Amino acid sequence: MGTLEIRKPAPRAGKARAVPSRPATHYESGRRPSGGIPRRSAGLGIAVVCRFRRKRLAATELGESPWGGKARVSKERKPGSDPTPDGRSVNDPEASRRWSLCIIRTVPNKDKASPLVSELPFAAGVSLAVFALYAATLAPRVLYYAPENFDSAHLQVVAYVLGIPSFTGYPTYAMLSHLFTYIPFGEVAWRVNLASAVFGAAAVGVLFFVCRKIGAGRFGSAVGAFAFGVGATVWSQAVIAEVYTLHVLFMSLFILALLAWRDGRRSGVLIIAAFLGGLAMTNHLTSIFLLPSAILFVFVVDRSKMFDAKLVLKSAGAFLFGLSPYLYLPVRASMEPPLVDAGPGGNPATLSGFLDLVSGGDFKGAMFVFGPVELVERLGLYAGHLIGNLNPALLILSLVGVFVVWRRDAAVVVLLGAVHFLNLGYALEYDIEDLEIYFVPTYLALCVFLSVGAGSSVRWVEARFTSVRLARLAGVAVAVAVLASVPFAYASADRSGDYLGREIVEAAAEGTRPDSTVLYHGRTLHYMQIVEGRRKDIALEDPFYTEDWVERAEDALGRGPVYVLYPGATNTRLYREAGYELLPVREDMLYEVVERR
């Protein structure tokens, strides 16, 4: 319980007023009267009795504005309306204010509502609004290999059978998305797609708390979190089976834990952050950039923690424990599940195969490949994607937020700046086709600053023009700037009518003869066989990486009919040069390979 602190206001100049004599209370004498209540209980009683009077102050002098910061003193409050310790009425607003603050300080911290609990309805509201948009645009069926969703069909199958995804293994995603396959309604592919929507909406809710932690008001926090959730790239990943919404969820939780540690300086919270950092890496390898960001943040906030050997060892242990989902890869691979994607190193049940898989497999050759001149050109590419996700008005507010946060909380700028630039540098050096997805962490950092910039701008309008009405109009303008991007993002991310994957499955299931071979890439037909249990007589082969399409077709023709799914212009030419024709079974989709006569 807080200490009861009573301050008597200084006497006013002028004619003294007669005050009737009265005995000193036990609060003033420091004695506990016989048969009385304990002093701590008495102090708490005063706090409870005065809560009604305090409630009005909390909405005026001490209350928080929805834009962030403290609200102005109410002009309707009458001087002398608050009692002083000796029961008199003082016509001095400052004296009354001091007494009110004194009473508020008697309320013990344990009686105060948790900030997370009090903000939960607002965070949930923003999260549910974003989730409604994701659900309305969610891909309804099995997906396919295409630039907008390279690995989605593959991940849909992996989630169902608890297989091993390609590239870095994604063990945490595989296990968590598998839980969604037990939903008792909807196609399995839809359930796995739904997992991405849930992870994305949860990330938006956590991001709201992050914004509140750095001082943004509820309005600004809602703006920042919502703007991130409806960004075109984030939205596109939330409606298909992909790992990136879970990636930003772990990032948001990690940043929130660091900010919570900074506020309370409890070592246990820092250890939790270390665990989350390790866990995030088991979902996506780029989470490794969270570690140097956290080290810089801890150094700026309290560098003595860097030399606390006990804390460092506990944090390292928690980080290693967070990496424990990686054990899924060798254990599950040893069980020989239906779908295991081994990298160049071989089976992940072996040490060499495991290390090769978790370090990026055959994609390691695409990392850090550009020189300084090329990086400048790729910065222009990033600028284009950035404007496509945060329109110019929101970018300006983000810059305002950086300036405001830097002046009052430089440690946060160090943390988010490191997250932003480390991820940006890696993305610019990565030679990959779906590069825009790797820019998402930079958008997250900018949207946190956006929350502060939005609230600060509205407060500046209110202070500059002393008009609540203009402040509200400024708030509406900010909201319009956020909502203006929604129609474009909705149109580009909407997959609610995408049934191409189902059409591919039906074309192969109904258009091929028994005991045939289908050459294709993308796992859509694996979904047909493994998840749906259909046409298991078909042999599926993927020459995508070996590029021996003609050789495989020639070998398979000795066993039965051979079909090619989406051969493309290059393979069509190669087949013709080798003396084969492609007869359309379904135009522009499925073709049968036959010898030319």
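Residues numbered from 1 in each chain as written. Predicted model: local features only at pLDDT ≥ 70, side-chain atom pairs only at ≥ 80, totals over all residues. Heavy atoms only, no water.

Chemist: Got a minute to help me understand the environment of Ser-456 in this structure?
Modeler: Tracing the chain through its elements places Ser-456 in helix α20 (residues 440-465). Side-chain polar atoms of Ser-456 contact the backbone oxygen of Val-452, separated by 2.8 Å. (Helix = DSSP H or I, 4+ residues; strand = E, 2+ residues; numbered from the N terminus. Polar contact = N/O pair within 3.5 Å; in protein donor to acceptor, adjacent residues only side chain to side chain.)

Chemist: Can you help me understand the pairing of strand β3 (residues 562-565) in this one?
Modeler: Each regular strand carries side chains that alternate between the two faces of the sheet. Side-chain alternation along β3 places Val-562 and Val-564 on one buried face and Tyr-563 and Leu-565 on a second face that is also buried. Relative to β3, strand β1 (residues 517-519) is paired through three bridges, and the arrangement is parallel. Bridging across to β3, Leu-519 finds its partner in Val-564. In the sheet, β3 pairs with strand β5 (residues 590-595) via four bridges, with the strands oriented antiparallel. Bridge assignment links Tyr-563 to a residue of β5, and that residue is Glu-592. (Buried < 20%, exposed > 50% of the residue type's maximum accessible area, 1.4 Å probe, protein only. Pairing = 2+ DSSP bridges.)

Chemist: Help me understand the pattern of salt bridges in this model?
Modeler: Oppositely charged side chains can form a pair if their charged atoms are brought close together. Applying the stated criterion across every chain yields a total of 22 salt bridges. For Lys-213, the salt bridge goes to Asp-263, with nearest N and O atoms at 3.2 Å. Taken together, the residues span a long stretch of sequence, with Lys-213 in helix α8 (residues 188-213) and Asp-263 in helix α11 (residues 244-264) at a distance of 50 residues. Relative accessible area serves as the criterion here: at 43%, Asp-263 is assigned to the partly exposed category. Of the charged contacts, one joins Arg-262 and Asp-263 as a salt bridge, the two residues approaching to 3.2 Å between their closest N and O atoms. Overall, Arg-262 belongs to the buried group, its relative accessible area being 13%. Counted as one network, the salt bridges with shared partners bring together Arg-141, Glu-187, Arg-502, Glu-506, Glu-532 and Arg-534. (Salt bridge = Lys/Arg side-chain N within 4 Å of Asp/Glu carboxyl O.)

Chemist: Mind showing me how you'd approach helix α12 (residues 267-281) here?
Modeler: An α-helical turn contains 3.6 residues, so any two residues separated by three or four positions project in the same direction. With 15 residues, α12 extends 22 Å from end C-alpha to end C-alpha; this agrees with the ideal 21 Å at 1.5 Å per step. Where α12 is concerned, the buried positions are Val-269, Leu-270, Ala-273, Ala-274, Leu-276, Gly-277, Gly-278, Leu-279, Ala-280 and Met-281. For α12, the secondary structure elements touched by its buried residues are α7 (171-180), α11, α13 (290-302) and α14 (309-322). (Expected span 1.5 Å × (residues − 1). Contact = heavy atoms within 4.5 Å.)

Chemist: I tried to follow the nonpolar core on my own but got confused; where do I start?
Modeler: If you look at soluble globular proteins, the nonpolar side chains tend to sit buried side by side. Core analysis: the largest hydrophobic core is formed by 141 residues, its most contacted members being Tyr-173, Phe-228, Trp-235 and Leu-525. Beyond its immediate sequence surroundings of up to four residues, Leu-525 is in contact with Ile-504, Val-505, Ala-508, Val-518, Tyr-520, Leu-540 and Leu-565. By size, the runner-up hydrophobic cluster in this structure holds 15 residues, among which are Ala-174, Tyr-326, Tyr-328 and Leu-357. (Core = buried A, V, L, I, M, F, W, Y, C linked by side-chain atoms within 4.5 Å.)

Chemist: Would you explain unusual backbone geometry in this entry?
Modeler: A negative phi angle characterises most non-glycine residues, just as the trans form characterises most peptide bonds. Phi is positive for Arg-535, close to 45 degrees, though the residue is something other than glycine. You can see Arg-535 is positioned in the loop between α24 (524-531) and β2 (539-541). Taking the relative accessible area as the measure of exposure, Arg-535 reaches 19% and is therefore buried. The backbone of Asp-588 sits at a positive phi, close to 65 degrees, despite the residue not being glycine. By the element assignment, Asp-588 lies in the loop between β4 (580-586) and β5.

Chemist: Honestly, a nonpolar patch on the surface in this entry has me stumped. Any pointers?
Modeler: Judged by side-chain polarity, Ile-295, Phe-299, Val-300, Met-306 and Phe-307 come together as a nonpolar surface patch covering roughly 480 Å² of accessible area. Secondary-structure assignment places Phe-307 in the loop between α13 and α14. (Patch = residues over 30% accessible without salt bridge, like charges linked within 9 Å, V, L, I, M, F, W, Y side chains within 5 Å. Areas by Shrake-Rupley, 256 points an atom, 1.4 Å probe, with all protein chains shown as cover.)

Chemist: Quick question: what am I supposed to make of the environment of Gly-231 here?
Modeler: With respect to the element layout, Gly-231 can be found in the loop between α9 (218-229) and α10 (232-238). In sequence terms Gly-231 and Leu-390 are 159 residues apart; their C-alpha atoms lie 6.8 Å from each other.

Chemist: Sorry, what's going on with the sheet that holds β1 here?
Modeler: By definition, the strands of a sheet pair up through backbone hydrogen bonds, in either a parallel or an antiparallel sense. Pairing is mixed across the open sheet formed by five strands, whose spatial order is β2-β1-β3-β5-β4. Each of the sheet's edge strands pairs with one partner strand only, and the pair in question is β2 and β4. Sheet twist, expressed as the mean angle between neighbouring strand axes with direction ignored, is 30 degrees. The pairing of β4 with β5 spans six bridges and is classified as antiparallel. (Axes fitted to C-alpha atoms, helices over the stretch in contact; angles between N-to-C directions.)

Chemist: How do you make sense of the packing of helix α6 (residues 152-161) against α8 when you look at a structure like this?
Modeler: The relative placement of two packed helices comes down to the angle between their axes together with the axis-to-axis distance. Interaxial distance between α6 and α8 falls to 9 Å at its minimum, and their mutual angle equals 100 degrees. On the basis of the axis angle, α6 is roughly perpendicular to α8. Facing α6, whose interface residues are Leu-155, Gln-156, Ala-159 and Tyr-160, α8 presents Val-188, Ala-189, Val-192 and Asn-193. Considering only residue class, the contact of α6 with α8 consists of six nonpolar, two polar and no charged. (Parallel < 35°, antiparallel > 145°, perpendicular 65-115°, else oblique. Nonpolar A, V, L, I, M, F, W, Y, C, P; charged D, E, K, R; others polar.)

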